[in-house]
Amino acid sequence: MSRIGRAPVTIPAGVTVEVKETEFVVKGPKGSLTQDYDPKITIKVEGGEAKLSRADELKETKAKHGLYRALLQNMVKGVTEGYEKVLVVNGVGWKVAKQGNGIVLNVGFSHPVEVAAMEGITFDCPSQTEISVKGIDKVKVGQVAASIRAIRKPEPYHGYGIRYKDEVIEHKEGKTAGK
């Protein structure tokens, strides 16, 4: 039995969850999010909680039970608190600047790299070496942060590159002169 799917999702004050035939909509102070779901999963909103149940005991249905419960929980957190990923740029002369809705990265290429913000995502540059990606959709925030990191992945010899703030890069030993 899905342990995650059985746990009810607490809905704080100011957040509404509307369940339609094939999708559920979560509205809160920061915005609204929608998610399609499998009709084998039923969602009941009572009081300040949302409970999910499934129609059968198939392996696929059990997996979706936990999945939709986790997605609903992430959506509730997104419309109340929001999500943020912080990236750090590490390199000699490398810097980041905010330009309009997007950012411009000078990360060792012959040209600056421009990254435009997609809908629902905002960028902030607290310093010349930090990028903050914020939004209400956890998937979008993670995807945008990953695509920025992919521009210049951190390399293990000197530590140059774009990495997450809490990411630890294991340094490798360089070549040594042989006898």
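Cut-offs applied
Residues numbered from 1 in each chain as written. Predicted model: local features only at pLDDT ≥ 70, side-chain atom pairs only at ≥ 80, totals over all residues. Heavy atoms only, no water. Helix = DSSP H or I, 4+ residues; strand = E, 2+ residues; numbered from the N terminus. Rg over C-alpha atoms; globule rule 2.2 N^0.38 Å. Buried < 20%, exposed > 50% of the residue type's maximum accessible area, 1.4 Å probe, protein only. Contact = heavy atoms within 4.5 Å. Lys, Arg positive; Asp, Glu negative; His and termini not counted. Charge placed at Lys NZ, Arg CZ, Asp CG, Glu CD. Salt bridge = Lys/Arg side-chain N within 4 Å of Asp/Glu carboxyl O. Core = buried A, V, L, I, M, F, W, Y, C linked by side-chain atoms within 4.5 Å. Pairing = 2+ DSSP bridges.

Caption draft 1: Structural context of the overall build of the chain. Within the chain, the regular secondary structure consists of 3 helices and 13 strands. Over its C-alpha atoms the chain spans a radius of gyration of 21 Å, topping by over 25% the 16 Å that the globule rule assigns to 179 residues. The principal-axis extent of the C-alpha atoms belonging to the chain is close to 70 × 45 × 25 Å. The buried share of the chain, taken over its 179 residues, is 34%. For the chain, contacts bridging at least 24 residues in sequence account for 50% of all contacts bridging at least 6. Mean positive and mean negative side-chain charge positions of the chain (28 and 22 charges, respectively) differ by 5 Å.

Caption draft 2: Summary view of the pattern of salt bridges. Counted under the stated rule, the structure contains 7 salt bridges. Taking the shortest distance from any N to any O, the salt bridge between Arg-54 and Glu-57 comes out at 3.2 Å. The network of salt bridges with shared partners includes Asp-38, Glu-60 and Lys-64.

Caption draft 3: Quick peek at the nonpolar core. Counting residues in hydrophobic clusters, the biggest one holds 21 residues, and the most contacted among them are Leu-87, Ile-103, Leu-105, Phe-123, Ile-131, Val-133 and Ile-148. Elements represented by at least two residues in this core include exactly strand 7 (83-90), strand 9 (102-106), strand 10 (113-115), strand 11 (121-124), strand 12 (130-135), helix 3 (138-151) and strand 13 (161-164). The greatest single-element share of this core, amounting to 4 residues, is contributed by helix 3. Once you skip the residues sitting within four places of it in the chain, Leu-87 turns out to touch Thr-129, Glu-130, Ile-131, Val-133, Ala-145, Ile-148, Arg-149, Ile-162, Arg-163, Tyr-164 and Lys-165. Counting 18 residues, the second largest nonpolar core, distinct from the first, contains Val-15, Phe-24, Tyr-37 and Tyr-68.

Caption draft 4: Geometry of the pairing of strand 11. Only one face of strand 11 is covered, namely the one carrying Ile-121 and Phe-123; the face carrying Thr-122 and Asp-124 has none of its residues buried. Taken together, strand 11 and the strand that follows it, strand 12, pair antiparallel across an intervening segment of 5 residues.

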